[in-house]
Every structure is written in C-alpha cells, then in structure tokens.
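In case you want the letters, here they are:
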Amino acid sequence: MKKILITGAAGFIGSNLTKRLLEEGNFVIGLDNFYTGQKENLKPFLNNKNYKFFEHNVIEPYNIEADEIYNLACPASPIHYQKDPIFTFKTSVFGIINALELSKKTGAKLLQASTSEVYGDAKIYPQNEKYFGNVNPNGIRACYDEGKRAAETLICDYNRLYGLNAKIARIFNTYGENMDIKDGRVVSNFIVQALRGEDITIYGEGNQSRSFCYISDLLEGLILLMKSDVTEPVNLGNPDEFTIKDFALYILDLTKSSSKCVYMPLPLDDPHKRKPDISLAKTKLGFEPKVKIEDGIKNTIEYFKTRINKQ
C-alpha cells in the first residue's frame, strides 16, 4: 500500500484523483484550505480508513511522510485566480517550494500540475512541449500563467541541483464530475446556463478554439507520468478541438435547451487557439484519451443536473 499525498484534494481534479487512488488500494492524505475546493467533494472519503485529511494552506510548510506527492493546489479558473492574484502567485511558487522541500527531505516522488496556460496566446499550433510560449507577464492572467511557469523553473532547478525526478504535467482543458457549479470555465458555464435556460455567454465572436479532455483520461495520464522516469514537461489533454461557438451549440443540442447565445467582449490575453500535441505523452507514457466527447459531456450534464436539483 502506497501512501500518497494530494494537495488541492478538495478540488475537481484532486477529489477525482483521490477516488481513483483509493480504489486502487492506496492510503491517501489530502490537503486543502478550501479557497476553491469544495468540502462536498470530500464527503465520500471521510469514513474511509485509508484516507486522512488536513485543512492546510500550501503556502505554509508542512511535514507529511508519503511515497508520492501530487501537487494540485492552485486556483485554476480565471474568476478565482484573478480574485486575489498575489495569493494565486504565492500558491504556485511557495506551494511548489514546500512540495519540493518535502520531496527532497523524504525521497517522495513528486508530480506538479502545471497548465497549458504556460503557452499563453500561443503562436504555434498545436502546442508542443518545446514551445516557450507567448505570455504577457504584466496582464491580468499573469498571476496564474507566470506562477505556473515559475513553478516549472523551480522543479527543473531542484531536479538538476538535488537529483530529484519531479514531474511536470501540462494539463489542457479538462472537464467532468466534481467541477464547481460556479467554476467559471467554459464547460461548466455552458452546461449550467443551458440547464437553467439562461443565455449562453460566449466571449468574442466564439471563433477561439479549445480541446476538452474527460477527467478519467487525465487521471490515467497523471498516474502514468508519476510511474514513469520522465522529468521533462509533458502535455496531457485531448486533441479533439471545438470552436467556442460550435461547442456552445453542441451543449444546447445535448441538453435540449432553449437557451440563446449572447456575445460579450473577449477578455484580455484570452488564448485564440488551444490544442495539445500529445506525441510525447503517447511515446513516453503510452497515453491516449479514450472517452468520446459525447460520452464525457453526457456524464457531466447528469452530474450538473444533480447539483442544480440539490440547490
């Protein structure tokens, strides 16, 4: 039985990863300060003898014995990470320093949840790991984009200086159960608006594109990366691509909603094209998404129906 620490354990990815790792027979320790994580996501685990939770802010050091550390703690939605940009940046930078120091001290394997946002408003398409990105360091998204880029810098330096083999997963748009109903990202926004019969909010003309990966596929990628000896950054996502406008129409069709699309100004520095090149993940990890978009979205619609009915 491995002892596995997950920071950001009450979040969307953290809670799904907790469920998967417990089902595989591991002992899981969760950390979260509930800045964006939801206590509701932890309820299924609290009576599990192989689960332990600590309310803690990863900006502050912690000392927990574990075989593996998944560092997922950070606000990931623009409405959340822009709310307190200094806190967001501290979470990325101090959070990874504390995780790296724990890894150095205990010998625990470490995986960092980085992001496709390190590529910014990319000038190459699709994005591969050798691309250095096009990020505005002074913009409203920089607290998150540059925080994650700084975390990658620290990981690579710790690996070089101290012989760690910490891993970097560059996560592209992911969706599924346990997303926050007020998450503010495209999948949750469109589904919740459609189910409530509200206008579907599209920013810009809706010609910008995104690629959407179902949560179970992402978890498989994270676990494969943790098991591997790969220390270079690795894209994890699904290359299947939609324009935002087409995706909105797709959601309207699947929900049978009468909602209308309305158009709002495009936010500053919003990426125009976001699609992962997952060649490295395929070659080095044997990773390839399996869940069809229709199946994943239908599951997510049912999840949000349940959440809305509970309100």
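Described in the following lines is the structure provided in the data block. (Residues numbered from 1 in each chain as written. Predicted model: local features only at pLDDT ≥ 70, side-chain atom pairs only at ≥ 80, totals over all residues. Heavy atoms only, no water.)

## Details of the overall build of the protein
Okay, step 1: Looking only at helices and strands, one finds nine helices and 13 strands in the protein.
Okay, step 2: Relative to the compact-globule value of 19 Å for 311 residues, the protein shows a C-alpha radius of gyration of 19 Å, a close match.
Okay, step 3: Seen through its C-alpha atoms, the protein measures out along the principal axes to roughly 55 × 45 × 40 Å.
Okay, step 4: A buried classification covers 55% of the 311 residues belonging to the protein.
Okay, step 5: Only carbon and sulfur atoms are counted for the fraction: they give 50% of the accessible area of the protein, which is about 13900 Å². (Helix = DSSP H or I, 4+ residues; strand = E, 2+ residues; numbered from the N terminus. Rg over C-alpha atoms; globule rule 2.2 N^0.38 Å. Buried < 20%, exposed > 50% of the residue type's maximum accessible area, 1.4 Å probe, protein only. Areas by Shrake-Rupley, 256 points an atom, 1.4 Å probe, with all protein chains shown as cover.)

## Concerning the layout of surface pockets
Okay, step 1: In this structure, the second largest pocket spans a volume of roughly 290 Å³.
Okay, step 2: In terms of lining, the second largest pocket is formed by 14 residues, of which the most central are Glu 129, Lys 130, Tyr 131, Arg 170 and Pro 233.
Okay, step 3: Across the lining of the second largest pocket, the residue classes tally to seven nonpolar, one polar and six charged. (1 Å grid on protein atoms, 1.4 Å probe; cavity = no way out; pocket = protein on both sides within 12 Å on 5 of 7 lines; lining within 4 Å. Points joined across faces, edges and corners; volume = space filled by probe spheres on them. Nonpolar A, V, L, I, M, F, W, Y, C, P; charged D, E, K, R; others polar.)

## Some points on the nonpolar core
Okay, step 1: Membership of the largest hydrophobic core comes to 61 residues, with the highest contact counts inside it found for Tyr 70, Leu 222 and Phe 247.
Okay, step 2: With seven residues, helix α6 (residues 215-227) is the single largest residue contributor to this core.
Okay, step 3: Among residues more than four places away in sequence, those in contact with Leu 222 are Ile 13, Tyr 70, Leu 111, Ala 169, Ile 171 and Leu 236.
Okay, step 4: Val 58, Ile 64, Leu 100 and Ile 168 belong to the second-largest nonpolar core, a separate cluster that totals 21 residues. (Core = buried A, V, L, I, M, F, W, Y, C linked by side-chain atoms within 4.5 Å. Contact = heavy atoms within 4.5 Å.)

## Thoughts on the pattern of salt bridges
Okay, step 1: Counted according to the given criterion, the structure contains 19 salt bridges.
Okay, step 2: For Glu 117, the salt bridge goes to Arg 141, with nearest N and O atoms at 2.9 Å. With Glu 117 in the loop between β5 (109-115) and α4 (142-162) and Arg 141 in the loop between β5 and α4, this pair connects stretches of sequence that are 24 residues apart. With respect to class, Glu 117 is no different from Arg 141; both count as buried.
Okay, step 3: In this structure, Glu 302 engages Lys 305 in a salt bridge whose closest nitrogen and oxygen atoms are separated by 3.3 Å. Of this pair, Glu 302 and Lys 305 both sit in helix α9 (residues 293-310), three residues apart, which is roughly one turn of that helix. (Salt bridge = Lys/Arg side-chain N within 4 Å of Asp/Glu carboxyl O.)

## Examining the packing of helix α5 (residues 186-196) against α9
Okay, step 1: With their axes 10 Å apart at the nearest point, α5 and α9 run at an angle of 60° to one another. Between α5 and α9, the interaxial angle falls into the category oblique. Crossing of α5 over α9 shows right-handed handedness. Only Ile 297, Thr 300, Ile 301, Phe 304, Lys 305 and Ile 308 of α9 make contact with α5, whose side of the interface consists of Val 187, Ser 188, Ile 191, Val 192, Leu 195 and Arg 196.
Okay, step 2: Counted by class, the contact of α5 with α9 contains eight nonpolar, two polar and two charged residues. (Axes fitted to C-alpha atoms, helices over the stretch in contact; angles between N-to-C directions. Parallel < 35°, antiparallel > 145°, perpendicular 65-115°, else oblique. Left-handed = near helix turned anticlockwise from the far one by under 90°.)

## Concerning the packing of aromatic side chains
Centre distance and the angle of the planes are the two values used to describe a pair of aromatic rings.
Okay, step 1: Tallying each qualifying case throughout the model produces 14 aromatic pairs.
Okay, step 2: A ring pair is formed by Phe 212 and Phe 242, whose centres lie 6.4 Å apart and whose planes are at 50°; its orientation type is tilted. Of this pair, Phe 212 sits in the loop between β9 (209-211) and β10 (213-214) while Phe 242 is found in strand β12 (residues 241-243), placing the two residues 30 residues apart along the sequence.
Okay, step 3: With 4.3 Å between their ring centres and 25° between their planes, Phe 212 and Phe 247 make a pair best called stacked. Note that Phe 212 is positioned in the loop between β9 and β10 and Phe 247 in helix α7 (residues 244-255), a separation of 35 residues in sequence.
Okay, step 4: What makes Phe 212 buried here is its relative accessible area of 3%.
Okay, step 5: In this structure Phe 247 comes out as buried when scored by relative accessible area, which is 0%. (Phe/Tyr/Trp six-rings, centres within 6.5 Å; stacked < 30°, edge-to-face > 60°.)

## Examining the side chain of Gln 193
Okay, step 1: Summarising the element assignment, Gln 193 is placed in helix α5.
Okay, step 2: Sequence-distant contacts of Gln 193, that is, excluding residues within four places in its chain, are made with Glu 198, Asp 199, Ile 200, Thr 201 and Ser 259.

## Thoughts on the environment of Ile 6
Okay, step 1: Note on placement: Ile 6 falls in strand β1 (residues 3-7).
Okay, step 2: Along the backbone, Ile 6 and Asn 48 are 42 residues apart, and their C-alpha atoms lie at a distance of 16 Å.
Okay, step 3: Setting aside residues no more than four positions away along its own chain, Ile 6 makes contact with Gly 14, Leu 17, Thr 18, Leu 21, Val 28, Ile 29, Gly 30, Leu 31, Tyr 70 and Leu 72.

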